[in-house]
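# Structural characterization, general
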Amino acid sequence: MESLSLLQSFAMDKNGRIRSVEEVSRGLACDCVCPCCGEPVLARQGDVREWHFAHASGAECDGGAEGALHAAAKQVLIESGGMAIPERRVSTKATLPDGRQGTGDAVRPEAWIEFATIEAEKKVGELRPDIVATVGTEVLFVEVAVTHFVDDDKSQKLESLGFPTIEIDLAKMHREKWAWEDVFEVVVEGVQAKRWIRLMDASPLHDEAHYAAMQAALALPAPTPVEASPQKAPRTRFLIGGRIVDLIEHPFGIALWSSYDPSVNAVIKSLMRIVGGRWQPRFKNWLAPTAARDYLFEELAKLSTTSPARV
């Protein structure tokens with residue numbers, strides 16, 4: 001079987017339309033040129049080899065077959081009005097202040113999207129994607145790869161633009177020749193040759209995955225508090241709204257304790273939201289990460305009617 005690089009299944013007619021070797025007249029009567037170099041081609045439609053286009057001069061241009069397939073893929077996308085897109089999946093982890101970890105996924109299954117508009121080779125910023133389409137109000141880039149794929153540099157540029165991008169890999173399809181049915185099946189109807197460079201609906205997917213990860217972490221049993229060491233934990237006392245508020249420095253975190261008072265409790269609760277603290281019903285106090293110690297100390301000192309004191 002001959003490789004794709006040796007067989008040119010498509011060429012461009014005098015009207016600028018890509019044609020399959022199956023739909024033109026034989027030899028130079030095909031009246032076509034190579035879409036890569038612009039040289040005249042003839043349609044070889046013999047009985048021995050697979051039908052294909054060849055340069056009339058006999059001097060093949062580099063990448064002629066690949067360029068013709070690339071052009072055919074763009075044409076079929078433009079004329080299709082839509083395409084199948086692969087699954088979109090985001091997986092993430094979340095860690096609670098007490099160390100519990102959870103993982104979460106957000107998934108959108110394979111789907112069909114309709115193009116509101118579609119253009120080929122439209123310049124956007126410093127890039128010129130193969131296809132620029134709109135799906136509803138969202139812009140979508142489609143890159144068709146035969147020999148040149150999206151590399152790290154281009155991926156970063158696409159990421160900076162912020163538009164979802166799909167790459168269609170035609171190099172993986174080893175065929176002796178291509179027909180329109182093959183192109184339509186791979187480029188429009190199929191998803192196996194497609195991969196996301198940047199996901200569509202990326203932000204909602206990340207939010208959903210993070211929420212699922214948080215729920216998974218919260219569903220785990222809370223860790224048993226570390227047993228207090230024989231040495232008494234340092235304790236600083238503040239007086240806020242006439243109520244004692246103690247900041248206790250444990251090895252595993254910063255605890256805040258006070259006798260119940262609605263206004264004081266509201267203050268402590270708001271501070272805990274900022275630093276990611278949580279209420280410990282068993283110990284009737286709040287526990288925050290160790291790193292929050294300086295912030296909590298400063299905020300409580302501002303509210304205290306007396307100077308902070310070690311007790």
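All residue numbers refer to positions counted from 1 along the written sequence of the respective chain. Per-residue local features are limited, in this predicted model, to residues with pLDDT of at least 70; the limit for side-chain atom pairs, both in listing and counting, is 80 or more; totals at the level of whole chains, interfaces and linings are taken over all residues. To get the side-chain values, all heavy atoms of the structure are used, and hydrogens and water are removed first.

Taking an unreviewed UniProt entry as the reference, the protein chain is identified by name as Competence protein CoiA family protein belonging to Aromatoleum evansii.

### Here's the deal with the sheet that holds strand 10 (residues 117–120)
Ordered in space as 10-11-12-13-14, the five strands form an open sheet in which the pairing is mixed. One side of each edge strand has no neighbouring strand; the edge strands of this open sheet are strand 10 and strand 14 (194–198). Neighbour-to-neighbour, the strand axes of this sheet turn through a mean angle of 25°, independent of strand direction. Paired strands are those between which DSSP finds at least two bridges. Secondary structure is summarised from DSSP: a helix means a run of H or I of at least four residues, a strand means a run of E of at least two, and numbering begins at the N terminus for each. Summarising the sheet, strand 10 and strand 11 (residues 131–135) pair through four bridges and their orientation is antiparallel. Across the sheet, the residue bridging to Glu-119 is Val-132, located in strand 11. Most of the contacts of helix 1 (residues 64–80) go to strand 12 (residues 138–145), to which it runs at about 150°, and overall it touches strand 10, strand 11, strand 12 and strand 13 (165–169). Angular values range over 0 to 180 degrees, each being the angle between N-to-C directions of two axes fitted as lines to C-alpha atoms, with helices fitted over their stretch in contact. Contacts were defined at the residue level, with two residues in contact if any of their heavy atoms lie within 4.5 Å.

### Examining the environment of Ser-258
Of note, Ser-258 is situated in strand 17 (residues 253–258). Taking the C-alpha atoms as reference points, Ser-258 and Val-245, 13 residues apart in sequence, are found 4.6 Å from one another.

### Details of the pattern of salt bridges
Take a side-chain nitrogen of Lys or Arg and a carboxyl oxygen of Asp or Glu: if they are within 4 Å of each other, that pair is a salt bridge. In the structure shown here, the tally under the stated rule is 23 salt bridges. Ionic pairing is found between Arg-17 and Glu-79, a salt bridge with its closest N-O pair at 2.4 Å. On the criterion of sequence distance, the pair formed by Arg-17 in the loop between strand 1 (10–13) and strand 2 (18–20) and Glu-79 in helix 1 is long-range, its members being 62 residues apart. Close ionic contact of Arg-293 with Glu-249 constitutes a salt bridge, the shortest N to O distance being 3.4 Å. Residue Arg-293 is found in helix 6 (residues 293–303), and its partner Glu-249 is found in strand 16 (residues 243–250); the two are separated by 44 residues along the sequence. Among the charged side chains, a network of salt bridges with common partners joins Glu-249, Arg-293, Asp-294 and Arg-310.

### Details of the side chain of Asp-182
With respect to the secondary-structure elements, Asp-182 resides in helix 3 (residues 180–189). Note on exposure labels: buried denotes an accessible area under 20% of the residue type's maximum, exposed denotes more than 50%, and partly exposed covers the range between, all computed with a 1.4 Å probe on protein chains only. With a relative accessible area of 17%, Asp-182 lands in the buried category. Nitrogen and oxygen atoms within 3.5 Å of one another constitute a polar contact, given that in protein one can donate a hydrogen and the other can accept it, and given that sequence-neighbouring residues count only through two side-chain atoms. A distance of 2.9 Å separates the side chain of Asp-182 from the backbone nitrogen of Ala-179, its partner in a polar contact.

### Concerning the environment of Pro-164
One can find Pro-164 in the loop between helix 2 (152–161) and strand 13. Pro-164 sits in the buried class, given a relative accessible area of 2%.

### What about the side chain of Asp-246?
Relative to the helices and strands, Asp-246 is located in strand 16. A polar atom in the side chain of Asp-246 sits 2.8 Å from the side chain of Arg-237. Setting aside chain neighbours within four positions, we find Asp-246 in contact with Arg-235, Thr-236, Arg-237, Ala-255, Leu-256 and Trp-257.

### Brief notes about the sheet that holds strand 16
Note on sheets: strands pair through backbone hydrogen bonds, and any given pair is parallel or antiparallel. Spatially, 18-19-17-16-15-20 is the arrangement adopted by the six strands of the open sheet, whose pairing is antiparallel. With one partner strand each, in any of the chains shown, strand 18 (278–280) and strand 20 (309–310) form the two edges of the open sheet.

### Let's talk about the environment of Phe-10
You can see Phe-10 is positioned in strand 1. For Phe-10, a relative accessible area of 1% puts it in the buried group. For Phe-10 and Ala-179, which are 169 residues apart along the polypeptide, the C-alpha to C-alpha distance reads 8.4 Å.

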